[in-house]
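Read off the chains here:
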Amino acid sequence: GVCHGVNGLPKLEGVPIICGLQENYILKQLHEFQRGDRASDTMKKIAINLTEEEVGPAAAYFATKQWPGPANASFSSPPPTMAICEACHQQKLVGGVAAPRLAGQKYDYLVESMRRFAEGQRKNSPEMSSIMQAISASDREAMARYISGL
């Protein structure tokens, strides 16, 4: 809980909110960090030290935690590029089986994740890579600003 926040709200820049995310998504990410399919020196060190018997309970622990309330409620209208996001991330971007919750995620994490998908640095979702490559950096920033305020 140190990096991702004891109350669910991370204090460090670039660290995402994971409390309340779908258990299957957290489990998938932990396995990808273990295999090196998703890059993060910090998370790889943590994930490779988890046994297969510990990975499931770790994912379940964070999944059952409460998502922190909105930090800065957004009342602006969504950028036009947002419509495609709801296909996988569900209406109001609350997440589902196919994709994690985005609503209320930290702005800096969203911008960096979208950039990494667009530039091919993050490869664990080919769909996200192709979508983000088609969206300009300024539009991605506008999307992140909107999403973080949900």
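Just so you know, these numbers come straight off a predicted model, no measurement behind them.

Points about the packing of aromatic side chains
Next, step 1: On inspection of all chains with the given rule, the structure shows one aromatic pair.
Next, step 2: Between Tyr61 and Phe62, the ring centres sit 5.1 Å apart and the planes meet at 85°, which makes this aromatic pair edge-to-face.
Next, step 3: On the basis of relative accessibility, which here comes to 17%, the residue Phe62 falls in the buried class.

Focus: unusual backbone geometry
Working note: non-glycine residues mostly have negative phi, and peptide bonds are mostly trans.
Next, step 1: Positive phi values are uncommon outside glycine, yet Lys92 reaches one of about 65°.
Next, step 2: Here Lys92 is to be found in the loop between helix 4 (86-89) and helix 5 (107-118).
Next, step 3: Residue classification places Lys92 among the exposed residues on the basis of a relative accessible area of 60%.
Next, step 4: For Leu93, which is not glycine, the phi torsion reads 60° and is therefore positive.

Criteria and thresholds
Residues numbered from 1 in each chain as written. Predicted model: local features only at pLDDT ≥ 70, side-chain atom pairs only at ≥ 80, totals over all residues. Heavy atoms only, no water. Phe/Tyr/Trp six-rings, centres within 6.5 Å; stacked < 30°, edge-to-face > 60°. Buried < 20%, exposed > 50% of the residue type's maximum accessible area, 1.4 Å probe, protein only. Helix = DSSP H or I, 4+ residues; strand = E, 2+ residues; numbered from the N terminus.

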